[in-house]
Protein chains: 2
Amino acid sequence: MINKISTEKCKSSIKALEDAMYVIGGKWTLRVIIAIKDGHTRFNDLQRTIDGISAKVLSGVLKDLEQNGFVKRKVDIGVPVVVEYELLPYAESLQDVLNALVSWGEAHRNKLIKVQEMSIAQP
Amino acid sequence: MINKISTEKCKSSIKALEDAMYVIGGKWTLRVIIAIKDGHTRFNDLQRTIDGISAKVLSGVLKDLEQNGFVKRKVDIGVPVVVEYELLPYAESLQDVLNALVSWGEAHRNKLIKVQEMSIAQP
DNA sequence: CGGGATCCAAACGGATACTG
DNA sequence: CAGTATCCGTTTGGATCCCG
């Protein structure tokens with residue numbers, strides 16, 4: 001057990017991890033952020049862009065994002081009324097997390113493909 | 001829309017992100033990995049360590065981890081039988097993700113504390 | 001000790017309809 | 001367009017008992 005992490009440090013790391021997962025670990029959270037970053041700022045546009053999300057769920061995710069300071073809901077009163085969601089600077093703090101997840105996801109997929117190829121080559 | 005990501009690249013990033021979240025985005029997945037890394041290798045030890053996890057859920061998570069190549073289930077036949085879960089090298093590939101999440105979680109917590117302090121200072 | 005089987009309540013989430 | 005409300009099936013997961 002040479003590598004055992006000191007319990008204190010470990011527990012606080014776990015706490016931080018849980019906080020992070022609680023905020024951004026939802027099934028759709030990061031996808032919505034990415035979609036907004038990608039230029040989709042309107043509700044129905046977002047729903048069309050994010051495949052499989054329902055209005056109810058999207059609505060809930062947007063509320064969470066707003067509450068957590070990632071997104072600002074901007075209402076332009078006019079005819080018709082236009083609602084736009086824009087990313088706040090705080091959303092940029094997620095860049096490292098996003099990069100890490102995407103890189104890992106790509107690597108993982110490549111690993112799966114290799115395993116699959118090998119199992120076909122040697123049945 | 002200067003910053004708009006090319007759609008192709010964006011979509012594959014999202015795919016990678018989804019893959020990653022599917023594998024490690026579960027409520028308990030990363031916590032179990034950390035607990036094993038921390039030296040808890042037995043089933044009941046893990047359940048005692050990871051506060052709030054039930055045997056059923058832990059059992060399911062361990063199976064997933066095994067199937068994804070993070071963990072090896074080792075059975076030592078003896079009296080009594082001892083089952084140990086050990087991390088495989090592939091689990092180390094998560095280090096960047098883990099670090100990013102923990103750092104972000106800590107920063108986020110600090111931000112929340114500041115906001116709270118300010119709202120107390122200026123009611 | 002290391003789980004699997006079962007039961008059950010609560011949460012999640014889709015479909016649809018509806019509103020301003 | 002931008003959601004909300006309602007209904008309702010599905011899934012999740014806790015509690016408990018049980019077994020080798």
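Given the structure is predicted, the values throughout are model-derived calculations rather than measurements.

The rules we used
Residues numbered from 1 in each chain as written. Chains lettered and ligands numbered in written order. Predicted model: local features only at pLDDT ≥ 70, side-chain atom pairs only at ≥ 80, totals over all residues. Heavy atoms only, no water. Helix = DSSP H or I, 4+ residues; strand = E, 2+ residues; numbered from the N terminus. Expected span 1.5 Å × (residues − 1). Buried < 20%, exposed > 50% of the residue type's maximum accessible area, 1.4 Å probe, protein only. Near = heavy atom within 4 Å. Polar contact = N/O pair within 3.5 Å; in protein donor to acceptor, adjacent residues only side chain to side chain. Contact = heavy atoms within 4.5 Å. Buried area = accessible area lost by both parts, 1.4 Å probe. Salt bridge = Lys/Arg side-chain N within 4 Å of Asp/Glu carboxyl O. Domains from an automatic or database assignment. Nonpolar A, V, L, I, M, F, W, Y, C, P; charged D, E, K, R; others polar.

Participant: What should I look at first to understand helix H5 (residues 95-121) of chain B in this one?
Facilitator: Think of an α-helix as 3.6 residues a turn; residues three or four steps apart then line up on the same face. Taking 1.5 Å per residue as the helical rise, H5(B) with its 27 residues ought to reach 39 Å, and the 39 Å between its terminal C-alpha atoms agrees with that figure. Regarding H5(B), the residues found buried are B:Val97, B:Leu98, B:Ala100, B:Leu101, B:Val102, B:Trp104, B:Gly105 and B:His108.

Participant: For this particular structure, what's the right way to read the protein's contact with DNA strand C?
Facilitator: Looking at DNA strand C, there are 13 residues lining it, with A:Lys56, B:Arg42, B:Ser59, B:Arg73 and B:Tyr85 nearest. Here DNA strand C approaches the protein such that, of its atoms within 4 Å, sugar and phosphate make up 68%. Contacts to DNA strand C include B:Arg42, whose side-chain N or O atom sits 2.7 Å from a phosphate oxygen. One of the side-chain nitrogen or oxygen atoms of B:Tyr85 is found 2.4 Å away from a phosphate oxygen of DNA strand C.

Participant: Even after reading the chapter, I still don't get the protein's contact with DNA strand D, so can you show me in this structure?
Facilitator: Close to DNA strand D lie 13 residues; A:Arg42, A:Ser59, A:Arg73, A:Tyr85 and B:Lys56 are nearest. Looking at DNA strand D alone, sugar and phosphate atoms form 68% of those within 4 Å of the protein. Contact between DNA strand D and A:Ser59: a phosphate oxygen at 2.5 Å from a side-chain N or O atom of the residue. Contact distances for DNA strand D include 2.9 Å between a phosphate oxygen and a side-chain N or O atom of A:Lys63. Looking at the surface near DNA strand D, the elements with two or more residues in it are helix H3 (43-49), helix H4 (55-67) and strand S2 (82-87) of chain A together with helix H4 (55-67) of chain B.

Participant: What is the right way to look at the interface of chain A and chain B in this model?
Facilitator: Size of an interface, as often reported, equals the accessible area lost when the parts are brought together. On the side of chain B, 41 residues touch chain A, which itself brings 41 residues to the contact. Buried surface at the junction of chain A and chain B, both sides included, amounts to about 3,800 Å², of which 69% is carbon and sulfur. On the chain A side of the contact with chain B, A:Leu17, A:Asp38 and A:Trp104 bury the most area, a combined 19% of that side's loss. Summed over the shared surface of chain A and chain B, the number is four salt bridges.

Participant: Would you take a moment to explain the environment of A:Glu66 for this structure?
Facilitator: Residue and element names in this part refer to chain A. Structurally, Glu66 can be placed in helix H4. The class for Glu66 is partly exposed, based on a relative accessible area of 37%. Filtering out sequence-adjacent residues up to four positions away, Glu66 remains in contact with Val71 and Arg73.

Participant: I'm lost on the domain arrangement of chain A in this one. Help?
Facilitator: Residue and element names in this part refer to chain A. What the domain assignment lists for chain A is domain 1 (4-92) and domain 2 (93-123). The partner domain 2 presents six residues to the 10 residues of domain 1 that form the contact. Between domain 1 and domain 2, a total of about 640 Å² is buried, with carbon and sulfur atoms accounting for 66% of that surface. Here domain 1 and domain 2 share zero salt bridges between them. The interface formed by domain 1 and domain 2 contains six residue pairs in polar contact (both at pLDDT 80 or more). Looking at which element gives the most residues to the side of domain 1 that touches domain 2, the answer is helix H2 (residues 29-37), with four residues. Grouping the amino acids of the side of domain 1 that touches domain 2 by side-chain chemistry returns eight nonpolar, no polar and two charged.

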